[in-house]
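So you can see what is in the structure, the chains are spelled out below.
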Amino acid sequence: MINIETYIKKKNKIIISLENINEIYSQYFVRCDDESCLEYIEDFCYLDGVITISCDGMYILDFSYWDLVDQLWSYLIDAIYEISEGKKM
């Protein structure tokens, strides 16, 4: 089963190392599944976060790939569109 989730980075939490980030992600990120995640957003112009994609419990995209989450979604949607049009990446 494929699982896709969006997480928002908690404000004032500085990620110093990506070592073990998948095990300690809850220190830095909150799942974006309802409006309660809005309280963790520091700047609405720059939405730091991550999209995680896992298949059968194994990560394809994990917490080490965090960035501006709105742009990550844009890149992901664009890639899916181009693949569906038969374009090679």
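Keep in mind the model is a prediction, meaning the values are calculated, not measured.

Enquirer: Hey, could you go over the nonpolar core for me, with residue numbers and the actual values?
Expert: Listed in full, the 9 residues of the largest apolar core are I8, V30, C37, I41, L47, I51, I53, V69 and L72. For this core, the secondary structure elements donating two or more residues are β3 (48-55) and α1 (69-84). Non-local contacts of I8, meaning those with residues more than four positions away in its chain, are made with Y28, F29, V30, C32, C37, Y40, I41, D48, G49 and V69.

Enquirer: Hey, could you go over the pairing of strand β4 (residues 58-61) for me, with residue numbers and the actual values?
Expert: In this sheet, β4 lies alongside β3 in antiparallel orientation, the contact comprising 3 bridges. Bridging across to β4, S54 finds its partner in Y59. Here β3 folds back onto β4 in antiparallel fashion, the turn holding 2 residues, of which D56 has a positive phi close to 50°.

Enquirer: If you had to explain the state of the cysteines to someone new, which residues and values would you point to?
Expert: Counted by the stated rule, this structure contains 0 disulfides. Between C37, a free cysteine, and C32, which holds the nearest cysteine sulfur, the sulfur-to-sulfur gap is 3.0 Å. Judged by its relative accessible area of 3%, C37 is buried. The thiol of C45 is unpaired, and the distance to the nearest cysteine sulfur, on C37, comes to 16 Å. Overall, the relative accessible area of 62% leaves C45 in the exposed class.

Enquirer: So what's going on with the environment of S36? Residues and values would help.
Expert: Relative to the helices and strands, S36 resides in the loop between β2 (29-31) and β3. The class of S36 is partly exposed, set by a relative accessible area of 39%. For the pair formed by S36 and D56, sequence separation is 20 residues and the distance between their alpha carbons is 28 Å.

Criteria and cut-off values
- Residues numbered from 1 in each chain as written.
- Predicted model: local features only at pLDDT ≥ 70, side-chain atom pairs only at ≥ 80, totals over all residues.
- Heavy atoms only, no water.
- Core = buried A, V, L, I, M, F, W, Y, C linked by side-chain atoms within 4.5 Å.
- Buried < 20%, exposed > 50% of the residue type's maximum accessible area, 1.4 Å probe, protein only.
- Helix = DSSP H or I, 4+ residues; strand = E, 2+ residues; numbered from the N terminus.
- Contact = heavy atoms within 4.5 Å.
- Pairing = 2+ DSSP bridges.
- Disulfide = S-S within 2.5 Å.

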